[in-house]
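# Observations on the model geometry
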Amino acid sequence: MTPQDRIAHMTLGLVEARQQNRLFAPDATLQDLSPEEAYAVQAGVARALGWFADRPRAWKAGGAPVVSGAPLPQVLHSPAVWSPVSTTATDATDAAQTWIVEAELAFTLARAPQGPDLAADVAQALGTVAVSIETIDTRLASGLAGAPSAWKLADQGVHGTLVLGDAQAAAQFVARSPADWATQAWSITVNGELAQRAQGGLPAIDPLTAVRWLAVHAAAHTGGLQAGDVVTTGAWGLVRARRGDVVEVRFDGVGAAQVTLGH
């Protein structure tokens, strides 16, 4: 296949999987899909499904040492209900029963990043921060464990939905050092019972690492970040939840967010 054929095959398969509520098995020759091809697939899926009138207004970004990202079609506000589409369970005994729910922090821009060094300026452009929850869902028949990383990146980073808690001013958090972020306490409860509590845990340590990367990536791919855009910045921890479960994430000094997995 030519690069254009590879992108077209992956794009069509993911679009049809979303439209028909089914899973998609990419051609085995796409095992070596590149990150740039994956980003082209993301854009093609978004165009085909009409997600964005002009450009994305919400993003996920994260990972370490390599950061990646995806534009998001929907942001919900806590408390929210999200109905999963496909299973992300890696254990066959749990098939179609559990989904990954991640504890994250999301930032909203007060203005567009400016100047020749967007990565340096974007932190000063942040207006608010909020606790966020990302649910993970895939259209890939191979699931999370069996899919190459670029396939998952093409599948909008295996994103389900984003739920935002109440926002507060970001200034004090922008001023934090990596050492400060390493002591940030957070917790996850499922149906009111504590599932995880820890300090730190974000692979990149500083969540602004993802925002800085995204400022450059968005400028190259979608015209750049603008005021009001939301960026969630990677998982501090996660739980597996079932339909009907209520998951709440709290970050000390930041706030909380809640999602219920619908039927």
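Structure's up top.
Right, let's walk through the structure included here. (Residues numbered from 1 in each chain as written. Predicted model: local features only at pLDDT ≥ 70, side-chain atom pairs only at ≥ 80, totals over all residues. Heavy atoms only, no water.)

### Looking at the overall build of the chain
- A count of helices and strands for the chain gives eight helices and 14 strands.
- Computed over C-alpha atoms, the radius of gyration of the chain comes to 18 Å, within 12% of the 18 Å expected from 2.2 N^0.38 for 263 residues, which places it in the range of a compact globule.
- Counting across all 263 residues of the chain, residues that qualify as buried make up 50%.
- Once local pairs closer than 6 in sequence are excluded, the contacts in the chain between residues at least 24 apart make up 72%.
- When the accessible surface of the chain is summed, it comes to about 11100 Å², and 53% of that surface belongs to carbon and sulfur atoms. (Helix = DSSP H or I, 4+ residues; strand = E, 2+ residues; numbered from the N terminus. Rg over C-alpha atoms; globule rule 2.2 N^0.38 Å. Buried < 20%, exposed > 50% of the residue type's maximum accessible area, 1.4 Å probe, protein only. Contact = heavy atoms within 4.5 Å. Areas by Shrake-Rupley, 256 points an atom, 1.4 Å probe, with all protein chains shown as cover.)

### Describing the pattern of salt bridges
- Summed over all chains, the structure comprises 12 salt bridges.
- Of the charged contacts in the structure, one is a salt bridge between Asp229 and Arg55, with a shortest N-O distance of 2.8 Å. Remark: Arg55 occurs in the loop between helix 2 (35-49) and strand 1 (58-62) and Asp229 occurs in the loop between helix 8 (208-221) and strand 11 (230-232); sequence separation between them is 174 residues.
- Judged by its relative accessible area of 0%, Asp229 is buried.
- In this structure Arg55 comes out as buried when scored by relative accessible area, which is 13%.
- The salt bridge involving Lys60 is made with Glu134; its shortest N-O contact spans 2.9 Å. In this pair, Lys60 is assigned in strand 1 and Glu134 in strand 6 (residues 126-136), connecting sequence segments 74 residues apart.
- Residue class for Lys60 comes out buried when judged on its relative accessible area of 15%.
- Overlapping salt bridges, with partners in common, bring together Arg6, Asp32 and Glu37 in one network. (Salt bridge = Lys/Arg side-chain N within 4 Å of Asp/Glu carboxyl O.)

### Points about the nonpolar core
- In terms of nonpolar packing, the biggest core is built from 45 residues, with Val101, Phe107, Leu126, Leu225, Val247, Phe251 and Val259 touching the most fellow members.
- Counting 20 residues, the second-largest nonpolar core is a separate cluster that includes Leu33, Val41, Val45 and Ala154. (Core = buried A, V, L, I, M, F, W, Y, C linked by side-chain atoms within 4.5 Å.)

### Observations concerning unusual backbone geometry
- Cis geometry marks the peptide bond from Ala64 to Pro65, where omega comes out at 0°.
- Assignment of secondary structure puts Pro65 in the loop between strand 1 and strand 2 (68-71).
- The omega torsion across Ser78 and Pro79 is -5°, close enough to zero to call that bond cis.
- Tracing the backbone through its elements, the reader meets Pro79 in the loop between strand 3 (75-77) and strand 4 (80-82).
- In this structure, Asn191 takes a positive phi of about 55° despite not being glycine.
- Topologically, Asn191 is positioned in the loop between strand 9 (185-190) and strand 10 (193-199).

### Some points on the sheet that holds strand 13 (residues 246-251)
- Taken in spatial order, the five strands of this open sheet run 4-14-13-9-10, and their pairing is mixed. Taken across any chain shown, the strands that pair with only one partner, and hence form the sheet edges, are strand 4 and strand 10. On average, each strand axis in the sheet is inclined to that of its neighbour by 20°, with strand direction left out of account.
- Bridging between strand 9 and strand 10 involves six bridges; their strand directions are antiparallel. Bridge pairing links Ala185 to Gln199 in strand 10. (Pairing = 2+ DSSP bridges. Axes fitted to C-alpha atoms, helices over the stretch in contact; angles between N-to-C directions.)

### Details of the environment of Ala28
- With respect to the helices, strands and loops of the structure, Ala28 is situated in the loop between helix 1 (3-20) and helix 2.
- Under the relative-accessibility criterion, Ala28 is labelled exposed at 58%.
- Remark: the alpha-carbon pair of Ala28 and Gly237, spanning 209 residues in sequence, is separated by 32 Å.

### Looking at helix 8
- Given a rise of 1.5 Å per residue, 14 residues ought to cover 20 Å, and the 20 Å separating the end C-alpha atoms of helix 8 matches this to within 8%.
- Among the residues of helix 8, Leu208, Ala210, Val211, Leu214, Ala215, His217 and Ala218 are the ones counted as buried. (Expected span 1.5 Å × (residues − 1).)

### Points about the environment of Pro56
- As for its position among the elements, Pro56 is in the loop between helix 2 and strand 1.
- In this structure Pro56 comes out as buried when scored by relative accessible area, which is 6%.
- In the structure, Pro56 is positioned 170 residues away from Gln226 in sequence and 9.7 Å away in space, judged by C-alpha atoms.
- Sequence-distant contacts of Pro56, defined by excluding residues within four places in its chain, comprise Pro71, Thr222 and Asp229.

In short, the description is geometric, and any link to function would need to be established separately.
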